Amino acid sequence: MPRPKDIEQHKKLIFYLQHEEEKVLKILRRSLVIELPWVFLSIIMVTVLLLIGSNETVIMDNPELSGFIKYIVYSLVLFIAIYDFNRFLNWFYSVNIISSERLLDFEFKELGIKNIVECQLKNIQSVTLKNEGFLSFIFGLSTVQVLTSGDNPNIDFEFIAGGNQIQDLISDLAREINKK
Amino acid sequence: MIDLSFLTLDFLFKIFKVVISLVNIIFFALVFRNLIDRQASYNSIMYVPFLVIMGCLGLFSVLFLLSALI
């Protein structure tokens, strides 16, 4: 069951569907490890561009052309910085929320693409824990699949740490709700 | 005959620079709009730091445009 400390910790978070008496019990986010490949790629790209921009031997004798190439290089660095910040925001805001009434899956992808799935705890049929992939194996990440009854959408909590506890928490919450 | 003497290499570079900086500013505006949209879904306490970072990126975008124009 959720600890009172967890409930206190997430007290300030309010999502737009929330009822007055509804409490946020847990906020889950994909592990940052999964995002590392594009972070490294961006660091390499920015480093290469900065090296090109600062290397005088690459740039021709023409001062106009040299200034122009430098401008293009630093503009590209700025573009990559904005693009990476957007990807970071995608990761940061894509969360799974477990509240006292429901499960929510906020998924933000590229610019303007969002997917918000809500599932009432009373509709939960089964909770499955999956460990897939090499990174998941190394870093102990897992995917929790929540299957729901009828036409309700299923929810996947992908690449999260501590999958066992989450599975246990969701099962307990669903059992309690169905008892009432 | 149309006088195309203004089409110097310097002028073309300037036009290209302005176009590139405008692309950066438009992209920045879209990302900023996206941030506001996300914050509307649930209130994150990191919103203010994110706004500060966005402000810095926006400032750089505008500075790039100004340097292209001058």
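All chains use their own residue numbering, which begins from 1 and follows the written sequence. For this description, chains carry letters from A and ligands carry numbers from 1, given in the order in which they are written. In keeping with the model being predicted, local features are shown solely for residues with a pLDDT of at least 70 and side-chain atom pairs are shown and tallied solely at 80 or more, while totals for entire chains, interfaces and linings include all residues. With hydrogens and water stripped out, all remaining heavy atoms of the structure feed into the side-chain values.

## Brief notes about the confidence of the model for chain B
Step number 1: The predictor rates its confidence in each residue with pLDDT, a number between 0 and 100. The share of residues in chain B with pLDDT of 70 or more is 100%, and the mean pLDDT across the chain is 88.
Step number 2: Predicted as a complex, the structure gets a pTM of 0.84 and an ipTM equal to 0.89.

## Considerations on the packing of helix α3 (residues 63-93) of chain A against helix α1 (residues 9-41) of chain B
Step number 1: Angles run from 0 to 180 degrees between N-to-C directions of axes, and those axes are lines fitted to C-alpha atoms, restricted for helices to the stretch in contact. Where helices and strands are cited, they refer to DSSP runs of H or I of at least four residues and of E of at least two residues respectively, numbered from the N terminus. At a minimum axis distance of 10 Å, the contact between α3 of chain A and α1 of chain B shows a crossing angle of 10°. In this view, α3 of chain A runs roughly parallel relative to α1 of chain B, as classed from their interaxial angle.
Step number 2: For this scheme, ten residues count as nonpolar: Ala, Val, Leu, Ile, Met, Phe, Trp, Tyr, Cys and Pro. Four count as charged, namely Asp, Glu, Lys and Arg, and the remainder, Gly too, count as polar. Of the residues that constitute the contact of α3 of chain A with α1 of chain B, the class distribution is 18 nonpolar, 7 polar and 4 charged. Angles are sorted into four bins: roughly parallel if under 35 degrees, roughly antiparallel if over 145, roughly perpendicular if 65 to 115, and oblique for all others.

## Some remarks on the interface of chain B and chain A
Step number 1: Taken together, the contact between chain B and chain A spans 34 residues of the former and 35 residues of the latter.
Step number 2: Here the buried area means the combined drop in accessible surface, using a 1.4 Å probe, for two parts upon being joined, counting both sides. With both chains or domains summed, chain B and chain A bury close to 3,100 Å², and 72% of this area falls on carbon and sulfur atoms.
Step number 3: Together, Phe27, Arg38 and Tyr42 of chain B form the three largest contributors to the area buried by chain B at its contact with chain A, with a combined 26%.
Step number 4: Salt bridge, as used here: a side-chain nitrogen of Lys or Arg that lies within 4 Å of a carboxyl oxygen of Asp or Glu. At the boundary of chain B with chain A, the tally comes to 1 salt bridge. We call two residues in contact when some of their heavy atoms are within 4.5 Å.

## Re the packing of α1 of chain B against helix α2 (residues 47-69) of chain B
Residues and elements named next belong to chain B.
Step number 1: Contact geometry of α1 with α2 gives a least axis separation of 8 Å together with a crossing angle of 165°. One finds that α1 runs roughly antiparallel with respect to α2. Between α1 and α2 the crossing geometry is left-handed. Each crossing is labelled by how the near helix is turned from the far one, with a counterclockwise turn of less than a right angle marking it left-handed and a clockwise turn marking it right-handed.

## Structural notes on the sheet that holds strand β6 (residues 141-148) of chain A
Residue and element names in this part refer to chain A.
Step number 1: By definition, two strands form a pair when at least two bridges between them are found by DSSP. On the basis of which strands lie adjacent, the open sheet formed by 3 strands has the order β5-β6-β7 and antiparallel pairing. At either end of the open sheet lies a strand with only one pairing partner, and these are β5 (124-130) and β7 (155-161). Between one strand axis and the next, the sheet turns by 20° as a mean value, whatever way the strands run.
Step number 2: Looking at chain direction, β6 and β7 are connected through 5 bridges and run antiparallel. Each residue of the ladder has a partner; that of serine 142, found in β7, is isoleucine 160.
Step number 3: Here helix α5 (residues 163-179) sits on the sheet and contacts β5, β6 and β7; the angle it forms with β5, its principal contact strand, is near 175°.

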